[in-house]
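A closer look at the structure
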Amino acid sequence: MDTLDDGRDAPSLDEAECLRLLDTAPIGRIAFTQGALPAVQPVTFTRGDGEIYVPTHPDSAAAAASRGAVVAFEVDEVDVGARTGWAVTVVGPSRLITDPAEVRRLDGLGTSTSVPPAGHCYVGVQVRLVRGRRIGPRPAVPDAPADLSTDGAGVPSWTG
């Protein structure tokens, strides 16, 4: 577990918790390479069959950059006032999904989109590497029992 300088903890999340949190986020960000530079775009998405599906237009930058390239996908939730939150990142190879039957099947998963319905496609990102972290207050440490003392070297010892 990592502890931040201001007394908050930032524990890593296991894959199951990361995937659960991924399913709660309405918007994510896809990161890809565009013109040899990193690019990040906010997107709607859905998840299933070991992939994240991002609706897009075939001529979009995300579609052009996602033909077999390894991309990253990130979701998060942050409470700025409380300085708490979580973030989940997925990294994996991508594919452009243009087959009309597969696009209709993915449309049926209920992804809300601002992409015009005519002629849209999906970027599929295989869920290969999943990492996450939660940031929050450090849990309170209970007081030591009254019969616990130290041995002079700062090591607790039971007295009786």
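See above for the structure.
Residues numbered from 1 in each chain as written. Predicted model: local features only at pLDDT ≥ 70, side-chain atom pairs only at ≥ 80, totals over all residues. Heavy atoms only, no water.

**As for the packing of aromatic side chains**
Applying the stated criterion to the full structure yields one aromatic pair. The interplanar angle of 65° and the centroid separation of 4.8 Å between the aromatic rings of F45 and F73 together place this pair among those described as edge-to-face. With F45 in the loop between β4 (37-43) and β5 (46-48) and F73 in strand β7 (residues 70-79), the pair connects residues that are 28 residues apart, well separated along the chain. Neither F45 nor F73 differs from the other in exposure class; each is buried. (Phe/Tyr/Trp six-rings, centres within 6.5 Å; stacked < 30°, edge-to-face > 60°. Helix = DSSP H or I, 4+ residues; strand = E, 2+ residues; numbered from the N terminus. Buried < 20%, exposed > 50% of the residue type's maximum accessible area, 1.4 Å probe, protein only.)

**Observations concerning helix α1 (residues 15-22)**
Taken together, the buried positions of α1 are C18, L19, L21 and L22. The buried residues of α1 occupy one face: seen down the axis, they fall within an arc of 160°. Check the buried side of α1 and you find it contacts β5, β6 (51-56), β7, β8 (84-97) and β10 (129-137). One side-chain oxygen at the N-terminal end of α1 lies 3.3 Å from the backbone nitrogen of A16; it belongs to D14. (Arc of directions from axis to C-beta. Contact = heavy atoms within 4.5 Å. Polar contact = N/O pair within 3.5 Å; in protein donor to acceptor, adjacent residues only side chain to side chain.)

**Here we look at unusual backbone geometry**
The phi torsion at A36 lies on the positive side, around 70°, for a residue other than glycine. Relative to the helices and strands, A36 resides in the loop between β3 (28-34) and β4. A relative accessible area of 71% places A36 in the exposed class. Residue D49 is not a glycine yet carries a positive backbone phi of 55°. One can find D49 in the loop between β5 and β6.

**A few points about the environment of D59**
Following the sequence through the fold, D59 ends up in the loop between β6 and α2 (61-65). The spacing of D59 and G119 is 60 residues in sequence and 10.0 Å in space, taken between C-alpha atoms.

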